[in-house]
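Remarks on the overall topology
As a plain string of letters, each chain reads:
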Amino acid sequence: MIAPSSSPPPPLALLAEVTHRCPMRCVYCSNPLELVAASGELEEADWLRVLSEAAELGILQVHFSGGEPLARQDLPRLIAHAAREGLYTNLITSGIGLDAALGCRLADAGLEHVQLSVQDTEATGVDRIGGFQGALAHKRRAADAIAAAGLAMTLNAVIHRGNAERIDAFVSLALALGARRLEVAHVQYYGWGLINRAWLMPTIDQLRAVSARVEAARAQHKGALVIDYVIPDYYARLPKSCMGGWGRRFMVVDPAGRALPCHAATTIPDLHFTNVRDASIAETWEHAPAFNAFRGTAWMAEPCRSCDRRELDWGGCRCQALALTGDAAATDPACHKSPHHRAMVELATREASAPPAAAAGDVTYRGSRRRRPRPPAAATSRKAEETCSGF
Ligand code: SF4
Ligand code: SF4
């Protein structure tokens, strides 16, 4: 790999994965299959130093995520320290355990924004996807606590085959809970989502219907609710600019202290990751081999190398390229110029059309290898018209 000759500008944001602990066990969780145990987590003093180093480097935002970041008792102190360092602070949470008292503590600490995730608008759907009984009631209480604390909130709606018909209900829920922003994001197939892909993949007809409902809702609620929309890569024609480009906009620090260019980067076997216990944030950002491996465009082969979009999408997602082609340096198969693109679309079509009972037999909850025969919903019984020879 060729390292860039000049120092890269600082990242925009630090994604602080402070823990992998979480009361929920979502079948699409993007956490790695090998979760970091509580005993392996960074100490509070390490995180305080990381936050100071991030601010010193010029990072502007810190997003506290996990797992469930509220599982760490020191979270208010981490937020307070980040705020003192001048970082914009955002909390990404399942909402489990977020009551009025804790909401006030977080706001007093300097928290500025909360992203609250919802798996479905129906209680049974949330329980089924998250493997946690009564989760929707917890999320409603969390939304009340967020509002009472005067914090701005985005509702994160994760879309899959089992809830794709409920876009209007997600919009209504966001408005009812007082969110000013709704992110309608199809499942991204990493971590647990990748191994449960056949259970979650929407049909192309569902995707079209979701896209139409999002457009209609945007027009209807303009001025009251901003709606962001992320489509599934498997039906895309062009890839997303994953992480805004490798080593360009974001640094992830995982619960064990590994500094990663993206949260799924540990799936790439040849990369070595430095630990924030051993190297500073600035040193890692500039010099760590993992950050320079796919930074810029010098690593690209054709068709990306000569493509006029190479500095727009940066070749798409390295982890997805590895997962679907076996080569992390390949063009993301989400791109129509990839020789693997057709096979990717056929794979999605076939999995989305599988009879639900068969797909459900393959579901694996986060943190468990136990299989549970409960499908998210009836999918179409339409068979894929062609046989996929790829992957
Ligand atoms: S996706 Fe679900 S299991 Fe994973 S961290 Fe979020 S709430 Fe927890
Ligand atoms: S060929 Fe590469 S740079 Fe061009 S659009 Fe596809 S992924 Fe992006």
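Worth saying up front: this structure is predicted, and the values here are computed from it rather than measured.

1. Some words on the overall build of the protein
In terms of regular secondary structure, the protein is built from 14 helices and nine strands. At 21 Å, the protein has a C-alpha radius of gyration in line with the 21 Å of a compact globule built from 391 residues. Summarising its shape, the C-alpha atoms of the protein cover approximately 55 × 50 × 45 Å along the three principal directions. A sequence separation of at least 24 residues applies to 75% of the contacts in the protein between residues at least 6 apart.

2. Some remarks on the site of ligand 2
Taken together, 14 residues lie around ligand 2, and Cys304, Cys307, Arg309, Arg310 and Cys335 are the ones closest in. For the shell around ligand 2, the class distribution of residues is six nonpolar, three polar and five charged.

3. Section: the site of ligand 1
Looking at ligand 1, there are 13 residues lining it, with Cys22, Met24, Cys26, Cys29 and Ser94 nearest. Split into classes, the residues belonging to the shell around ligand 1 amount to four nonpolar, six polar and three charged.

4. Some points on helix H2 (residues 75-84)
All of the buried residues along H2 are Leu75, Leu78, Ile79, His81 and Ala82. End-on, the buried residues of H2 take up no more than an arc of 160°, which puts them together on one face. Buried residues along H2 sit in contact with helix H1 (44-57), strand S2 (61-65), strand S3 (88-93) and helix H3 (100-109). Two residues or fewer after H2 comes glycine 86, characterised by a positive phi angle close to 85°.

5. Topic: helix H4 (residues 123-130)
Three- or four-residue spacings in an α-helix give side chains the same orientation, since the helix completes a turn every 3.6 residues. Along H4, the residues that are buried comprise Gly125, Val126, Arg128, Ile129 and Gly130. Buried residues along H4 sit against strand S4 (113-118) and helix H5 (135-148). Glycine 131 lies just past H4 and shows a positive phi near 60°.

6. A closer look at the pairing of strand S5 (residues 152-159)
Most of S5 is tucked away: seven of the eight residues are buried. Of the strand pairs in this sheet, S4 and S5 are connected by six bridges, and their pairing is parallel. Across the sheet, histidine 113 pairs through a bridge with alanine 152, a residue of S5. Judged from the six bridges that link them, S5 and strand S6 (residues 181-186) form a sheet pairing that is parallel. In the strand pairing of S6, threonine 154 is matched with arginine 181.

7. Re the sheet that holds S5
Read from one edge to the other, the open sheet built from nine strands follows the order S7-S6-S5-S4-S3-S2-S1-S8-S9, with strand pairing classed as mixed. Both outer strands of the open sheet, strand S7 (226-230) and strand S9 (259-260), are each paired with one neighbouring strand and no more. Contacts between helix H6 (residues 167-176) and the sheet are confined to S4, S5 and S6, with S6 contributing the most and set at about 150° to the helix.

8. Topic: the nonpolar core
Counting residues in each nonpolar core, the largest one holds 113 residues, and the members touching the most others are Leu14, Val27, Val62, Phe64, Leu155 and Leu182. No other element matches H5, which puts six residues into this core. In contact with leucine 155, other than residues within four places in its own chain, are Leu116, Val118, Leu173, Ala174, Leu177, Ala179 and Leu182.

9. Points about the confidence of the model for the protein
Of the residues in the protein, 91% reach a pLDDT of 70 or more, and the chain-wide mean stands at 91. Residue range residues 370-391 is modelled with pLDDT below 50. Its contacts to residues more than four positions away, or to other chains, number 49 contacts.

10. Focus: the pairing of strand S8 (residues 250-253)
Taking every second residue as pointing to the same face, both faces of S8 are buried, with Phe250 and Val252 on one and Met251 and Val253 on the other. Pairing between strand S1 (residues 13-17) and S8: four bridges, direction parallel. For alanine 13, the partnering residue across the bridge sits in S8 and is phenylalanine 250. Pairing of S8 with S9, which is carried by two bridges, proceeds in the antiparallel orientation.

11. Observations regarding unusual backbone geometry
Here the amide bond leading from glycine 66 into glycine 67 is cis, since omega sits at 15°, within 30 degrees of zero. With respect to the helices, strands and loops of the structure, glycine 67 is situated in the loop between S2 and H2. Of the consecutive residues glutamate 302 and proline 303, the connecting peptide bond is found in the cis state with omega at 10°. The topology assignment puts proline 303 in the loop between helix H11 (289-292) and helix H12 (318-325). A positive phi angle is found at methionine 243, which is not glycine, with a value near 55°. For tryptophan 314, which is not glycine, the phi dihedral falls at a positive 55°. By the element assignment, tryptophan 314 lies in the loop between H11 and H12.

12. Some details on the packing of H3 against H5
The interhelical angle for the contact between H3 and H5, taken along N-to-C directions, is 40°, at an axis separation of 8 Å. Considering their axes alone, H3 and H5 lie oblique with respect to each other. Along this stretch, H3 crosses H5, giving a crossing that reads as right-handed. Facing Ala100, Leu102 and Gly103 of H3, the residues of H5 in contact are Ala145, Ile146 and Ala148. Within the contact of H3 with H5, the residues separate by chemical class into five nonpolar, one polar and no charged.

Conventions and cut-offs
Residues numbered from 1 in each chain as written. Chains lettered and ligands numbered in written order. Predicted model: local features only at pLDDT ≥ 70, side-chain atom pairs only at ≥ 80, totals over all residues. Helix = DSSP H or I, 4+ residues; strand = E, 2+ residues; numbered from the N terminus. Rg over C-alpha atoms; globule rule 2.2 N^0.38 Å. Contact = placed C-beta atoms within 7 Å. Near = placed C-beta within 6 Å. Nonpolar A, V, L, I, M, F, W, Y, C, P; charged D, E, K, R; others polar. Buried ≥ 20, exposed ≤ 12 C-beta atoms within 10 Å, placed from the backbone. Arc of directions from axis to C-beta. Pairing = 2+ DSSP bridges. Axes fitted to C-alpha atoms, helices over the stretch in contact; angles between N-to-C directions. Core = buried A, V, L, I, M, F, W, Y, C linked by C-beta atoms within 7 Å. pLDDT = per-residue confidence, 0-100. Parallel < 35°, antiparallel > 145°, perpendicular 65-115°, else oblique. Left-handed = near helix turned anticlockwise from the far one by under 90°.

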